[in-house]
Amino acid sequence: MNNIKQTILFALLLAFIVSCTPTKRIQKNMNLKSSSMAYIMDSKVSENKNGIAINIDTIRFNPHIMSDTTKVKREKGYFLPLILVYIWNSQNKCTLGKGTFEEDIPDFLAASLSREADRSGIFDISNTAPSEYSLDISVDSISTEGQYISSGFFYFALYIYGYSYSDIAGPANSTLRISYKLRKNDEVIHSNSFTAQKVTEPISRKYTDTGILQQDYAVSMVEAVSSNFKNIIEEIVNDLNIYFTEHNEGADDN
């Protein structure tokens, strides 16, 4: 009789351990490490320069449009303790926070834009010397959200028990909107805005440690943000290339 009670208690304890992953644990693991928004330089190299140098005057980024840390919120779920079977399903929304990035967002944007202009632009971006041209850049919106689903079942009957569980991270949807104004001697001569979106692939392969899954999920979200920055930065450089070419800016100045 005591053996039966011990088995039942063990089964209940095991059911509790393997059942739906707590939101606090997911959130802790996703905030455990920060990741780099590494900018991959693979655009076509521009062979011609027009001699124009542009200063970055301002990068506007309201830090309140993102939380400091990644947040996880339970959206819906259920846990059914039946007589011999336990079934659970938990759906959570994960929202990426600034603390998941190794880089400061305005610094990353300025450095990446400068490097991209040096590579694919017909102009240069440099703040080492005064210039009549300047950029006013604004990060208008930035958001990365995705689901995290934990589900499974557990059964037991006296000395027999078994379980199966699955955690699926993603997909996550990342969006970014950046606008800019080009000034010449403090007069706005050109402006534009760009939006980028990246959806991550869901991570559904089996992990012996779901904490690693949650960390990998955070990394994939950061990579999605990095991809959006890269796409928009390339669009900004291309847009400025087109503007300077069409308006022959700089040709009479050098």
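A short tour of the structure in this document, coming up. Starting from 1, residues in each chain are numbered consecutively following that chain's sequence as written. Only residues with pLDDT of 70 or above have their local features reported here, since the model is predicted, and side-chain atom pairs are shown and tallied only from 80 upward, although totals for entire chains, interfaces and linings are computed over all residues. Values reported for side chains reflect all heavy atoms of the structure, with hydrogen atoms and water molecules removed beforehand.

A run of H or I in DSSP becomes a helix once it reaches four residues, and a run of E becomes a strand once it reaches two; helices and strands are each numbered from the N terminus. Within the chain, the regular secondary structure consists of four helices and seven strands. Taken from N to C terminus, the helices and strands of the chain fall in the order α-α-β-β-β-α-β-β-β-β-α. Going through the 254 residues of the chain one by one, you find that 44% of them count as buried. What makes two residues a contact is simply this: any of their non-hydrogen atoms within 4.5 Å. The contacts of the chain with a sequence gap of at least 6 include a subset with a gap of at least 24, amounting to 81%. Counting only carbon and sulfur atoms, one obtains 52% of the accessible surface of the chain, whose full area is about 13700 Å². We call a residue buried when its accessible area falls under 20% of the maximum for its residue type, exposed when it is over 50%, and partly exposed in between, using a 1.4 Å probe and counting protein chains only. To be clear on the numbers: accessible area is Shrake-Rupley with a 1.4 Å probe, and residue cover counts the displayed protein chains and nothing else.

This part is about the packing of aromatic side chains. Pairing of aromatic rings covers Phe, Tyr and the six-membered ring of Trp, with a centre-to-centre limit of 6.5 Å; geometry is then stacked below 30 degrees between planes, edge-to-face above 60, and tilted otherwise. Scanning all chains against the criterion turns up four aromatic pairs. The interplanar angle of 85° and the centroid separation of 5.6 Å between the aromatic rings of Phe108 and Phe229 together place this pair among those described as edge-to-face. Of this pair, Phe108 sits in helix H3 (residues 105–120) while Phe229 sits in helix H4 (residues 210–247), and the two are 121 residues apart along the sequence. For Phe108, a relative accessible area of 8% translates into the label buried. With 5.7 Å between their ring centres and 70° between their planes, Tyr243 and Phe244 make a pair best called edge-to-face. For the pair Tyr243 and Phe244, a shared accessibility class is recorded, and that class is buried. Members of the aromatic cluster, connected to one another through ring pairs, are Phe123, Tyr133, Tyr243 and Phe244.

A few words on the pattern of salt bridges. Counted as salt bridges are all cases of a side-chain nitrogen of Lys or Arg within 4 Å of a carboxyl oxygen of Asp or Glu. All told, the structure shown has seven salt bridges when counted by the stated rule. Arg183 serves as the salt-bridge partner of Asp136, at 3.7 Å between the closest nitrogen and oxygen. Taken as a pair, Asp136 in strand E5 (residues 133–157) and Arg183 in strand E6 (residues 160–184) lie far apart in primary sequence, 47 residues in all. Of the two residues, Asp136 and Arg183, both sit in the buried class. Each of Asp42, Lys230 and Glu234 takes part in one network of salt bridges that share partners.

Residue count minus one, scaled by 1.5 Å, sets the expected span of a helix. Between its first and last C-alpha atoms H4 spans 56 Å; for 38 residues at 1.5 Å apiece the expected length is 56 Å, and the two agree. Count one or two residues on from H4 and you reach Asn248, which has phi positive near 55°.

With that settled, the discussion passes to the packing of helix H2 (residues 23–30) against H4. Simply put, an axis is a line fit to the C-alpha atoms, just over the touching stretch for a helix, and the angle between two N-to-C directions goes from 0 to 180 degrees. Viewed as axis vectors pointing N to C, H2 and H4 meet at an angle of 55°, and their least axial separation amounts to 8 Å. By the angle between their axes, H2 is oblique relative to H4. Between H2 and H4 lies a crossing of right-handed hand. Touching Arg25, Ile26, Asn29 and Met30 of H2 are Gly211, Gln214, Gln215, Tyr217, Ala218 and Met221, all from H4. These descriptions rest on fixed angle ranges, namely under 35 degrees for roughly parallel, over 145 for roughly antiparallel, 65 to 115 for roughly perpendicular, and the rest for oblique. In this scheme the crossing of two helices becomes right-handed for a clockwise turn of the near helix relative to the far one and left-handed for an anticlockwise turn of less than a right angle.

A separate point is the side chain of Thr144. Position of Thr144 relative to the elements: it lies in strand E5. With a relative accessible area of 4%, Thr144 lands in the buried category. Of the polar contacts made by the side chain of Thr144, one reaches the side chain of Ser174; its length is 2.9 Å. With residues up to four places along the chain from it excluded, the contact list for Thr144 reads Cys94, Thr95, Leu96, Asn173, Ser174, Met221 and Val225. Residues adjacent in sequence count toward polar contacts only when both atoms are side-chain atoms; beyond that, a polar contact is any pair of N or O atoms within 3.5 Å, and within protein one must be able to donate a hydrogen and the other to accept it.

Quick look at the packing of H3 against H4 now. Orientation of H3 relative to H4, taken along the N-to-C sense of each, is 50°, at an axis distance of 10 Å. Judged by the angle between their axes, H3 and H4 are oblique. By crossing handedness, the relation of H3 to H4 is classed as right-handed. Residues Ile105, Phe108, Leu109, Ser112, Leu113, Glu116, Ala117 and Ser120 of H3 touch H4, and the partners they reach there are Phe229, Ile233, Glu234, Ile236, Val237 and Asn241. Class assignment of the residues belonging to the contact of H3 with H4 gives a composition of nine nonpolar, three polar and two charged. Asp, Glu, Lys and Arg are counted as charged, while Ala, Val, Leu, Ile, Met, Phe, Trp, Tyr, Cys and Pro are counted as nonpolar; the rest, among them Gly, fall into the polar class.

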